[in-house]
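Below are the chains, spelled out letter by letter.
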Amino acid sequence: MNNKSHSRKLLMALLFILGALSAIVPPPAFARTESKKLNILFVSSFTKNIPAQAFFESGLDEALGFNEGRHNLFFEFMDSPRLSEEKVKGIFAKYLEEKYQGVEFDFVVVWGTIASNFLSSNNSLFANAHRVYVEPAGAELFKGRKPSEKESIIGLENDYQTALQEVLMLEHPKKIYAIGTATDSEAQNRLRLFKNSLTGEASKLEVEYLVDQTLEQVATKLEGLSRKDTVAFYLLMFSDGEGTSMTPYTVVNQLASRSAVPIYSYYDSLMGSGIVGGYVLSFEKIGFNLGQTILSLSEGKSMSAFSPMRHVYDWNAIQRWKIAESKLPEGAIILNHPPDIFAQYRWHILAGVTLIIVLSSLSLFLFKALSRSKYAEAALSRREANLNSALQVARNGGFIFDNSKDSVTRSEGTKEVFGVPAESKLSYRAFLQIVHPDDREYMDAMWQAALKGVPFDIEYRVIVDEKTKWIRSRVEVEFDSKGLLIVAKGIVQDVSERKKSEEEAARLRRDLAHVTRVATIGELGHNIAHEVNQPLAAIAANAEAVMRLLKETEPDLEEVREALGDIVSDQKRASEVVQRIRTLVKKDRSVHAPVDLNSVAQDAIRVVQGDAAARDARILLNLDAGLPQVWGDKVQLQQVVINLLVNALDAMDCEATKPYRITVKTVGESAGGATLSVSDTGVGIDAGTAGRLFEPFFTTKSRGMGLGLSISRSIVEAHGGTIRAAANDDRGATFCLDLPIVAPECVDGHPTSCPRIRS
Ligand code: ADP
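In this report, the structure presented in the accompanying data block is examined. Counting of residues starts from 1 at the beginning of each chain's written sequence and follows it residue by residue. Local features in this predicted model are restricted to residues of pLDDT 70 or higher, and side-chain atom pairs are both shown and tallied only at a pLDDT of 80 or more, whereas totals for entire chains, interfaces and linings draw on every residue. Side-chain descriptors were evaluated using all non-hydrogen atoms of the structure, hydrogens and water having been removed beforehand.

Focus on the overall build of the chain
And step 1. Strands here mean DSSP runs of E at least two residues long; helices mean DSSP runs of H or I at least four residues long; both are numbered from the N terminus. Within the chain, the secondary structure is distributed over 23 helices and 24 strands.
And step 2. A 1.4 Å probe rolled over the protein chains alone gives each residue an accessible area, and that area as a share of the maximum for its type sets the label: buried under 20%, exposed over 50%, partly exposed in between. The buried share of the chain, taken over its 759 residues, is 43%.
And step 3. Residue pairs in contact within the chain that sit at least 24 positions apart in sequence constitute 64% of those at least 6 positions apart. We call two residues in contact when some of their heavy atoms are within 4.5 Å.

Following this line, the structure appears as structure tokens:
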């Protein structure tokens, strides 16, 4: 396909689409003409306040837009059904003439037979206006003469025949009641047309006319009818048989409410009154078509076709008379149909549905939250159970001391440990009664220290069922911002088994230590003998030589001097040997770090506690919670404290010094030091030996080596501290370590500027 033909085809397709669009887009209801504002007079046979008039005006306005001021419309009513036709005719012409004097009408629309007859016989009225007659029997009007150029007629010949056919199709009635009046020519005309329409199928109908009867008479009649095979047809009543004027709508409304048979009619203006409806005349359509006709005529065009009929039914009536919707003619309009529930209550439903969704989501959320909380609760109790059983397996129990409530909550495992059910109350006083009498003071002191913030990790004995158990307790305490205790949480563990093995191990160790000590002494003795014997022998030989020389009458003083010089150098050699042994014993690999003397004390106690218990000795702690850290080697410092504890235990190895008690105390000093002291209730230190305690090989013990304190002093001095001993006032001795504390910059990680331990 070449380009030219392609673009032509595109153009044609575009034109086709535009054409199609113009065909499907309806033309505007009223083609606005700005050229001239028309003056239109509407003269009606009927009355003003009837629904038909309102429908008619609505259609007319849609076509002409007179309410927007596009054209001027004036309405006049002869009220003929209600007033004397003759009387009105007599004064109406004069009335109109005078009323509209000076108004040039372009169109006079004449509605109904009476008004048509009246104006037809008053040609001088609005002589320049184009007259448009709208009336059923229009043809009758011009029987005698031809309409002039300025006269148009819209014949609304009532098509009762089609209306009746529709009734027959729906109901298959055998009898029909025609309701109407014959009081005026309009009404007579309607009756005549109705009778004329009873042809074909309708001719078989039995017809009874309820004409010019009172409203009550008609209602009573209808009331008494049988629904079967019977219908009524309403031909309008503007007044009843007694001349009481009323509107057709009001009449049929009352009749329909009492009627035992369905009432059909011919006017859509009566819809809603209770009539079934049918093939009806639409006054709105008439108004609209008439408006369009006026516009066509004003532009010099011919009249457009009228199609004012439509199939209209009232949903309430067809329900009442059980007329199947499926039987209604195609395209029938059903009025008063309850809108489908969604259309009517769309927003309510949407709001409701939204609310339901929101509430459902909320419920779901709450349900889930509840499930979660239940699940969490279940998980928690599961965890609690697991924890309990894990604690039990580990022969552990847990407890929480709530200070505000002064209550202790315990896990199941504590029953195993203390022999008291977890649920039963166990006061601190009652708990202390379980603690072994020898450990109560220690336990209490530690607990009080713990409540002040000193870490609590101790081992003590309890007596449960007359059996002694070893318990290890670790406690952590929490304080509020003001330093007040909130809660203390702890774990208790039955360590009796471990203790048993430890005691066994300790016994073995003691035995081994004895063997080792003997071996060491033997070794050292051999070494010492080997190393020291030589200088000692030399010293002895030189001393003998000096004595011999001095016995001579003229001693050779030079030789004496030489011998004495040898003695001095040999003494130095012997000292060096001892120094070498000290160095051998001393641990020389140091780890430099800030050390907490409190934990050093606790660790050391733990090591000797077994021995202490075996010897019926109690160790008490009196620790300073605010103790600053010292700089050094924790293990070396532990060795020192262990040595002091062992010495203390040794010093108490005598019935006379009972009860055996060791107190380990720490104190932070403002002068930049920290002190750890170990006091005992042992034999104490007598004045004669006090100055020699730290000398190497000084011992008062049968199996002692006399090196412990000597090495301890070396270690402490290497840390920049001092060690001293003093006899207590009452009994026993106290050994004190004074150590310099760590400068803040050392704690903060500047070890190069921090003190070093001399090795
Ligand atoms: P050892 O324990 O082998 O004797 P030490 O150097 O540790 O060696 O102790 C030296 C000596 O100091 C002991 O033999 C003892 O006479 C004395 N001593 C040490 N500690 C105490 C103490 N707590 N109470 C009384 N004397 C003590």
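Observations concerning the sheet that holds strand 15 (residues 456–464)
And step 1. Following DSSP output, two strands are said to pair if at least two bridges run between them. Taken in spatial order, the five strands of this open sheet run 14-13-17-16-15, and their pairing is antiparallel. Only two strands of the sheet have a single partner each, and these edge strands are strand 14 (407–410) and strand 15. Between one strand axis and the next, the sheet turns through 25° on average, direction left out of account.
And step 2. Where strand 13 (residues 396–402) meets strand 17 (residues 485–494), seven bridges bridge the pair, whose relative direction is antiparallel. The residue of strand 17 that forms the bridge with I400 is K489.
And step 3. Orientation is described by axes fitted as lines to C-alpha atoms, over the contacting stretch for helices, and by angles from 0 to 180 degrees between their N-to-C directions. Taken strand by strand, helix 16 (residues 437–451) contacts strand 13, strand 15, strand 16 (467–479) and strand 17, and its axis lies near 145° from that of strand 15.
And step 4. Helix 19 (residues 597–614) contacts strand 15 and strand 16 of the sheet and is inclined by roughly 25° relative to strand 15.

Some words on helix 3 (residues 85–99)
And step 1. Compared with the 21 Å implied by 1.5 Å per residue over 15 residues, the 20 Å span of helix 3 between its first and last C-alpha is a close match.
And step 2. Throughout, the bend at a residue refers to the angle made by two axes, fitted to the seven residues ending there and to the seven starting there. Helix geometry: helix 3 is bent most strongly at I91, by close to 35°.
And step 3. Regarding helix 3, the residues found buried are E85, V88, F92, A93 and L96.
And step 4. On its buried face, helix 3 sits against strand 1 (39–44), strand 2 (72–77), helix 4 (113–120) and helix 7 (185–196). To estimate the expected span of a helix, count its residues, drop one, and scale the result by 1.5 Å.

Focus on the nonpolar core
And step 1. By convention a nonpolar core is built from buried Ala, Val, Leu, Ile, Met, Phe, Trp, Tyr and Cys residues, the set being connected through side-chain atoms within 4.5 Å. Counting residues in each nonpolar core, the largest one holds 81 residues, and the members touching the most others are L222, F233, Y234 and L255.
And step 2. What L255 contacts, discounting residues up to four positions off in sequence, is I179, L215, V218, A219, L222, Y234 and I263.
And step 3. V462, A617, V640 and F735 belong to the second largest nonpolar core, which has 70 residues in total.

Re the side chain of H436
And step 1. Within the secondary structure, H436 is located in the loop between helix 15 (428–434) and helix 16.
And step 2. If we skip the residues at most four places from it in the chain, H436 touches R461, V462, I463 and T468.

Details of the packing of helix 8 (residues 215–223) against helix 9 (residues 248–258)
And step 1. Packing of helix 8 against helix 9 leaves a shortest axis separation of 8 Å and a crossing angle of 30°. Looking at the two axes, helix 8 sits roughly parallel to helix 9. Crossing handedness for the pair helix 8 and helix 9: right-handed. Contacts from L215, E216, V218, A219, T220, L222 and E223 of helix 8 reach helix 9 at V251, Q254, L255 and R258.
And step 2. Each residue gets one label: Ala, Val, Leu, Ile, Met, Phe, Trp, Tyr, Cys and Pro are nonpolar, Asp, Glu, Lys and Arg are charged, and the others, such as Gly, are polar. Grouping the constituent residues of the contact of helix 8 with helix 9 by class yields six nonpolar, two polar and three charged. Any angle from 65 to 115 degrees is called roughly perpendicular, while one under 35 is roughly parallel, one over 145 is roughly antiparallel, and all others are oblique. Left-handed describes a crossing whose near helix is turned anticlockwise from the far helix by less than a right angle; the clockwise case is right-handed.

Here's the deal with the packing of aromatic side chains
And step 1. Each Phe, Tyr or Trp ring, with Trp reduced to its six-membered ring, pairs with another whose centre is within 6.5 Å; inter-plane angles below 30 degrees give stacked pairs, above 60 give edge-to-face pairs, and intermediate values give tilted ones. Tallying each qualifying case throughout the model produces 26 aromatic pairs.
And step 2. Between Y160 and F194 the ring centres are 6.1 Å apart and the planes differ by 70°, which places this aromatic pair in the edge-to-face class. You can see Y160 sitting in helix 6 (residues 160–171) and its partner F194 sitting in helix 7, a full 34 residues away along the chain. Summarising the burial analysis for this pair, Y160 and F194 share the class buried.
And step 3. Taking 5.1 Å as the distance between ring centres and 80° as the angle between the ring planes, the aromatic pair formed by F418 and F431 counts as edge-to-face. Of the two residues, F418 sits in helix 14 (residues 413–418) while F431 sits in helix 15, which places them 13 residues apart along the sequence.

Structural notes on the site of the ligand
And step 1. Surveying the vicinity of the ligand reveals 18 residues, the closest of which are T699, T700, K701, M705 and L709.
And step 2. Contacts described as polar in this section are N or O atom pairs within 3.5 Å, which, within protein, must combine one atom able to donate a hydrogen with one able to accept it, while residues neighboring in sequence count only if both atoms come from side chains. At a separation of 3.0 Å, an oxygen atom of the ligand approaches a polar backbone atom of G706.
And step 3. To be clear on the numbers: accessible area is Shrake-Rupley with a 1.4 Å probe, and residue cover counts the displayed protein chains and nothing else. For the ligand, whose accessible area on its own is 530 Å², the fraction buried by protein is 92%.
And step 4. Elements with a minimum of two residues in the shell around the ligand: helix 20 (634–651), helix 22 (708–718) and strand 24 (733–740).
And step 5. Top contributing element to the shell around the ligand by residue count: helix 20, with three residues.
And step 6. Grouping the amino acids of the shell around the ligand by side-chain chemistry returns eight nonpolar, eight polar and two charged. Any residue with at least one heavy atom within 4 Å of a molecule or strand is counted as near it.

Examining the pattern of salt bridges
And step 1. Definition used for salt bridges: Asp or Glu carboxyl oxygen within 4 Å of a side-chain nitrogen of Lys or Arg. If you walk through the whole model with that rule in mind, you get 29 salt bridges.
And step 2. Ionic pairing is found between E171 and R227, a salt bridge with its closest N-O pair at 2.9 Å. Placement of the pair is E171 in helix 6 and R227 in the loop between helix 8 and strand 8 (230–234), with a sequence separation of 56 residues.
And step 3. On the accessibility criterion, R227 (29% relative accessible area) is partly exposed.
And step 4. Among the ionic pairs, D650 bridges to K701, the shortest N-O distance being 3.1 Å.

Structural notes on the pairing of strand 8
Within a regular strand, side chains alternate between the sheet's two faces.
And step 1. When you tally the buried positions in strand 8, you get five out of five residues, the bulk of the element.
And step 2. Side chains T230, A232 and Y234 of strand 8 all project onto a buried face; the interleaved residues V231 and F233 project onto the opposite face, where all are buried too.
And step 3. Where strand 6 (residues 175–180) and strand 8 come together, five bridges link them in parallel fashion. Note on strand 8: the bridge partner recorded for A178 is F233.
And step 4. Relative to strand 9 (residues 263–265), strand 8 is paired through three bridges, and the arrangement is parallel. Bridge assignment links Y234 to a residue of strand 9, and that residue is S265.

Here's the deal with the environment of A690
And step 1. Inspection of the secondary structure assignment puts A690 in helix 21 (residues 687–690).
And step 2. The exposure class assigned to A690 is partly exposed, which follows from its relative accessible area of 38%.
And step 3. Along the chain, A690 and R724 lie 34 residues apart, while their C-alpha atoms are 9.9 Å from each other.

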